[in-house]
Each structure stands twice: as structure tokens, then as C-alpha cells.
Number of protein chains: 2
Amino acid sequence: MSHTTARSIVQRYHRAWTSNDIDTAMDCVADDIVCRAPGIDLHGKEQYREFIGGFAPALTGIGDIAEYVDGDRVALFYYPQTAATDTAPAAEHFTVRDGLISESVLVFDRMAFGPPE
Amino acid sequence: MSHTTARSIVQRYHRAWTSNDIDTAMDCVADDIVCRAPGIDLHGKEQYREFIGGFAPALTGIGDIAEYVDGDRVALFYYPQTAATDTAPAAEHFTVRDGLISESVLVFDRMAFGPPE
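Since the structure is predicted, the reported quantities are computational estimates derived from the model, not experimental observations.

K.L.:
Is there a simple way to think about the sheet that holds strand β5 (residues 90-97) of chain B in this case?
P.N.:
Backbone-to-backbone hydrogen bonds join strands into a sheet, with any given pair of strands oriented parallel or antiparallel. Residue and element names in this part refer to chain B. The sheet built from six strands is open, its strands ordered β2-β1-β6-β5-β4-β3 with mixed pairing. Either end of the sheet is taken by a strand with one partner, and the two such strands are β2 (40-43) and β3 (61-70). Taken pair by pair, the neighbouring strands of this sheet meet at an average axis angle of 15°, ignoring direction. The sheet contact formed by strand β1 (residues 29-37) and strand β6 (residues 100-108) spans four bridges and is parallel. Following the sheet pairing, V34 is matched in β6 by E103. Running over the sheet, helix α3 (residues 45-55) touches β1, β2, β4 (73-81), β5 and β6 and is turned about 60° from β1.

What follows is the structure in C-alpha cells.
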């Protein structure tokens, strides 16, 4: 697994789900993905798909902050823009194994993404 | 500014504030620091000190997840352990300028760090 490959997989995943193309996004994800998300630990692709698929339609845009790559690990910081906010950052820490995202730590502030006032 | 230096400054900062040594932590921070924190943008060292100093005493430990370095930028993912939770991650994206932390994007889920039930 080269650095480029881990990065390209995460970039493909990120571009897909943020365009609400959940099928392409899930092509980048291992069946046994484990994701620590705010308030919930997600186990397996079905549960992960449901979580991401539930949030993706609310996106109106993405603001990039930073990307880091270190071997098979990739980190993204970005602004998920929604009707509620475009200034609340999210951070994701991915581990890529055998060409698929196998672990994710997803950090955002749920309070900031509540319904618009 | 070498990569090692940016990393060493952020490590010094991180070790200090997570040990509730706020004075040492603030020695690593620029007077005009700008920090995007959950629900608030902090401007200047005084406001930043108040924010970090308010949270630090609640810490009971730290669980490391990952560290990334890219030039003058450093990212940390970790578990701030408190009475409320030890499984809610935080992510910080630092920019170091002239040997001091000048910008920070701090991400965590405020709901997870509420008072213990």
C-alpha cells in the first residue's frame, strides 16, 4: 500500500459521499469497517452506509481546511456546509487496509449541526 | 521553521495543557492566536487561555490516536478523558509561525463532554 494509494482511496471516498454518491463512496469501504462517530460506534458497512447516507443529503458544499497522509493513514479537516452552519469543522482519521477504508474516527460537534434556527 | 520544530512546539503545548500546566502551554502560543473551537471563535491569547484553562482541570487522562506533521502544520487526534467520557475523540489542527502556535482548529463533540449522568 503506497501513500498515494491510501490518499487516492480517501479522496475518492470523500468526493463521492460529499456529492451524495453513496454507492461510489461505499466501494471504498471495507465490509468490516469500524467507525467511531459522535455518540455512536458504527460496525460494518451497512451501519456505516446508513449513517453517512443520512447526513449526505443535508450537505450544500464543502470547505477544505487540511489533508494529511502518513503511510496507510489519512486525515482530513473540512467544513461540511449545511443549512445550519458552514463554519463548524469536521475531522476524519482514516486507516486504509488492502485498498479499502477499514477504520475511521469521525469528529464533529453535533450541537453545531442542529436544525437551523 | 523545520518540521521537527513545529512538531516539538505542538508536543510541548499538548503535554503542558493536558497536565494542567497552563503557563507552559501558553508559552507556546502567539499573542494573536486565532482558534476555531466548538461554538466559539477565540481571538488572542487571553481568550484562548481562558478557554483551555477552563477545560484542563476536568481532564483525568489522555488517550493517543494519531499525530500528523506537514511543514508548519501539525494535527493531533486523541481522547480527552474526563468523568463524562473517555471514548469521545478530539482533533486539533495547528499552524505554527515563528516558533509559536498562531492558528488552531479544535474539533470535539460538545454533547459527549456534558456532565456525567
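Right, picking up where we left off after that structure.
K.L.:
Whenever I open this one, the interface of chain B and chain A confuses me. Can you help?
P.N.:
One widely used convention gives an interface's size as the accessible area the parts lose upon coming together. Listed per partner, the contact involves 28 residues of chain B and 27 residues of chain A. Of the roughly 2100 Å² buried between chain B and chain A on both sides combined, carbon and sulfur atoms contribute 65%. Three residues, R36, Y68 and F77 of chain B, lead the burial of chain B against chain A; their summed loss comes to 29% of the area buried on that side. For the interface between chain B and chain A, the tally reads two salt bridges. Measuring nitrogen to oxygen at the nearest pair gives 2.6 Å for the salt bridge that ties R110 of chain A to D109 of chain B.

K.L.:
Would you take a moment to explain the relation of the copies chain B and chain A for this structure?
P.N.:
Note: a rotation about an axis with an accompanying shift along it relates these two copies of the chain. Rotating chain B by 180° and moving it 0.0 Å along the rotation axis overlays it on chain A with an RMSD of 0.0 Å. What the rotation and shift describe, once combined, is the action of a two-fold rotation axis. Distance from the rotation axis, computed per C-alpha, reaches its smallest value in chain B at D109 of chain B: 2.0 Å. Most of the interface of chain B is mirrored in chain A, where 96% of its interface residues are also at the interface.

Rules of the game
Residues numbered from 1 in each chain as written. Chains lettered and ligands numbered in written order. Predicted model: local features only at pLDDT ≥ 70, side-chain atom pairs only at ≥ 80, totals over all residues. Heavy atoms only, no water. Pairing = 2+ DSSP bridges. Helix = DSSP H or I, 4+ residues; strand = E, 2+ residues; numbered from the N terminus. Axes fitted to C-alpha atoms, helices over the stretch in contact; angles between N-to-C directions. Contact = heavy atoms within 4.5 Å. Buried area = accessible area lost by both parts, 1.4 Å probe. Salt bridge = Lys/Arg side-chain N within 4 Å of Asp/Glu carboxyl O. Least-squares fit on C-alpha atoms with pLDDT ≥ 70 in both.

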